[in-house]
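# Overview (structure and organization)
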Amino acid sequence: MSQILTEIMTVLKDSNSLLFNAEQDLMIRCQALIATALGQALEELDDLLIGETKYQEIVGKRERTLNFMCGAVTFKRRLVKLADKKYVFPLDRYLQLIPRSRFSPLMVEKVAKLASHSVLRTTALAVNLLTPLSISHQKVGQLYQAAGTQCEKQREETTLVNIEKKRRVPYLYLEGDAFCVALKAKQHHKNVFIHRLQLTEGISQNGQRRQTLNRHVFTGLNRQAVFNQVQDYLDQNYDLRATTMITGSDNGSGYEPSCFDELAVGAKKHEHFLDRYHLNRKIRSRLSKMPKILQSKLFQGVHNWDNDQVQIVLDTCEFQANDADSLEAIQLLRSYLKRNWNYLKPADKRSLATETVCLGGCESNHRRFTYRLKHQGRSWSKAGLKAMIAVITSEINGQLETAMIKMPNTLPISIMPVKVAASYFLKQPFTQHQGIRHGSISLDAATSSAMGNLVKAIS
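The paragraphs below set out a description of the structure included in this document.

Thresholds applied
Residues numbered from 1 in each chain as written. Predicted model: local features only at pLDDT ≥ 70, side-chain atom pairs only at ≥ 80, totals over all residues. Heavy atoms only, no water. Salt bridge = Lys/Arg side-chain N within 4 Å of Asp/Glu carboxyl O. Helix = DSSP H or I, 4+ residues; strand = E, 2+ residues; numbered from the N terminus. Buried < 20%, exposed > 50% of the residue type's maximum accessible area, 1.4 Å probe, protein only. Pairing = 2+ DSSP bridges. Axes fitted to C-alpha atoms, helices over the stretch in contact; angles between N-to-C directions. Contact = heavy atoms within 4.5 Å. 1 Å grid on protein atoms, 1.4 Å probe; cavity = no way out; pocket = protein on both sides within 12 Å on 5 of 7 lines; lining within 4 Å. Points joined across faces, edges and corners; volume = space filled by probe spheres on them. Nonpolar A, V, L, I, M, F, W, Y, C, P; charged D, E, K, R; others polar. Polar contact = N/O pair within 3.5 Å; in protein donor to acceptor, adjacent residues only side chain to side chain. Patch = residues over 30% accessible without salt bridge, like charges linked within 9 Å, V, L, I, M, F, W, Y side chains within 5 Å. Areas by Shrake-Rupley, 256 points an atom, 1.4 Å probe, with all protein chains shown as cover. Left-handed = near helix turned anticlockwise from the far one by under 90°.

## A word on the pattern of salt bridges
Tallied over the full model, the rule gives 17 salt bridges. Across the pair R168 and D239 runs a salt bridge whose closest N-O atoms are separated by 2.9 Å. Of this pair, R168 sits in the loop between α6 (137-158) and β4 (171-183) while D239 is found in the loop between α7 (223-237) and β9 (244-249), placing the two residues 71 residues apart along the sequence. Judged by its relative accessible area of 59%, R168 is exposed. Judged by relative accessible area, which is 15%, D239 ranks as buried. A network of salt bridges, in which partner residues are shared, links D46, D47 and R78.

## As for the sheet that holds β9
Spatially, five strands are ordered β8-β5-β4-β9-β10 in an open sheet, and the strand pairing comes out mixed. Two strands lie at the open edges of the sheet, namely β8 (216-220) and β10 (269-274), each paired on one side alone. Across this sheet, the average inter-strand angle for adjacent strands is 20 degrees, counted without regard to direction. As paired strands, β4 and strand β5 (residues 190-200) are joined by 11 bridges and run antiparallel to one another. Across the sheet, the residue bridging to F179 is I194, located in β5. Those strands touched by α7 are β4, β5, β8 and β9, and its axis lies near 155 degrees from that of β8.

## Quick notes on empty space enclosed by the protein
Enumeration according to the criterion identifies one cavity of 30 Å³ or more in this entry. In this structure, the largest cavity encloses a volume near 60 Å³. Around the largest cavity sit E175, G176, D177, G248, S249, D250, D275, H278, C362 and E363, which together line it. Top contributing element to the lining of the largest cavity by residue count: β4, with three residues. Split by residue class, the lining of the largest cavity holds one nonpolar, four polar and five charged.

## Some words on the environment of D14
Checked against the element boundaries, D14 lands in helix α1 (residues 2-14). The class of D14 is exposed, set by a relative accessible area of 57%. In this structure, the C-alpha to C-alpha distance between D14 and Y255, residues 241 residues apart in sequence, is 68 Å.

## So, the side chain of E271
As for its position among the elements, E271 is in strand β10. Within polar-contact distance, the side chain of E271 engages the side chain of R350 at 3.0 Å. With residues up to four places along the chain from it excluded, the contact list for E271 reads M245, I246, T247, R350 and L352.

## Some points on a nonpolar patch on the surface
Among the surface-exposed residues, M9, L12 and L19 lie close enough to one another that they form a single nonpolar patch of about 300 Å² accessible area. Relative to the helices and strands, M9 resides in helix α1.

## Points about the layout of surface pockets
Any empty space left between atoms is shown by rolling a water-sized probe over those atoms. Taken as a whole, the second largest pocket holds about 570 Å³ of empty space. Taken together, 31 residues line the second largest pocket, and the ones lying closest to its centre are E152, R155, T219, Q229 and A390. Of all elements in the fold, only α6, β8, α7 and α15 (382-396) reach the threshold of two or more residues within the lining of the second largest pocket. Each residue belonging to the lining of the second largest pocket can be placed in one class, and the counts come to 12 nonpolar, 16 polar and three charged.

## Topic: the packing of α6 against α15
For the pair α6 and α15, interaxial distance at closest approach is 8 Å and the crossing angle is 65 degrees. Where α6 crosses over α15, the handedness of that crossing is left-handed. Along the contact surface, α6 presents Y144, Q145, A147, G148, C151 and E152, while α15 presents A383, G384, A387, M388, A390, V391 and S394.

## Let's talk about the sheet that holds strand β1 (residues 57-68)
Two strands in a sheet stick together by hydrogen bonds in their backbones, pointing the same way (parallel) or opposite ways (antiparallel). A sheet is described by the order of its strands in space; here three strands give the open sequence β1-β2-β3, paired in antiparallel fashion. Among the strands making up the open sheet, the edge pair consists of β1 and β3 (87-88). Taken together, the 11 bridges between β1 and strand β2 (residues 71-81) define a ladder with antiparallel strand orientation. The residue of β2 that forms the bridge with I58 is V80. In the packing of helix α2 (residues 19-50) onto the sheet, contacts are made with β1 and β2, and the angle to β2 comes to roughly 15 degrees.

So, in structure tokens, the structure goes:
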């Protein structure tokens, strides 16, 4: 520690009172120190593991370089031959390192998280500025796709876990919707739908903001596959016998009430609502040429579930329509309201308290996806789009870090648990020192001369 403090003091003194230069120099030195120490610790750990591994033959040592947050770390580890004629690196298996990967799991997780919030070039710039590494935007694309693949594998493995004690909640809220994203094509881009379902247990008040409780998001390009994910998650985590399932959607193709009825099988009660955002947008669009007072009257009638008032307003609008297009829009609106009238019924008329209906969050939460996947003429390859969706979904569900920790399954290898104190890696290695060497000055002159007097004084 004293040597490190001495180095820091030297850097501060040599910086000519410029903290900018001193901090830059210290950052480089500290990162180099950590990288060197980490490389030595990995080699020490390999020495410990080789004594706990059942192997047939040590083939030799092989060098490997991994890019950590502190920089590139180069170390050597042993390659062994097992009894079944397979060759493995005990250190790689013990640390669960991905073969041929040059980035640590933490580095992959950080790069993927940055890439899910900004474009690839900006992500590469951030990594190059904040770490000693130099990475291109093409490499960022490879890393986030690898992370997305791992997130998808982790999600599939999670569905196989059997949970004995399932949750019992009074209400569950499920909403569904979809949005378009451009997919790359040779001649022109084509649009694909990204389907989203959002499951929550309600909301909590956080000051003036409201926050969803135990939100879980399901996203994918295949609508039926997303619905199957929800069904598996409900069967795995919830006991619905005492739960009222409240669902909401725009009742469009693929999101009809009957689709949600299948997910609510086994629930105490199921109530479906038409999404208010799509309802209000539909009314404003169809009555765009009508006076504002008629729009307000229609909103009031729909809100109060007063069919007589709604029909009077629509009749008035048809009477005031000046052209065929306006008349057709009003007739379409009348059919839309008639088709969805049962799903506009207020909560208090369904024996539900108004505050228990916590719907509408799915539409506003689209932006976490659309801000990254749309705008600025962005288009995606199918593999890149799937990977980015998986990364964003895992981050929202709080599973991104878990997916990076749980690496792909590797071949079995017999390694005993290694128990070693951290002080083992922190202790200073012994350094061979030489004692004081005694020297002499040869005299080729008289001892009474000036040179002879100097030799006498020194001796």
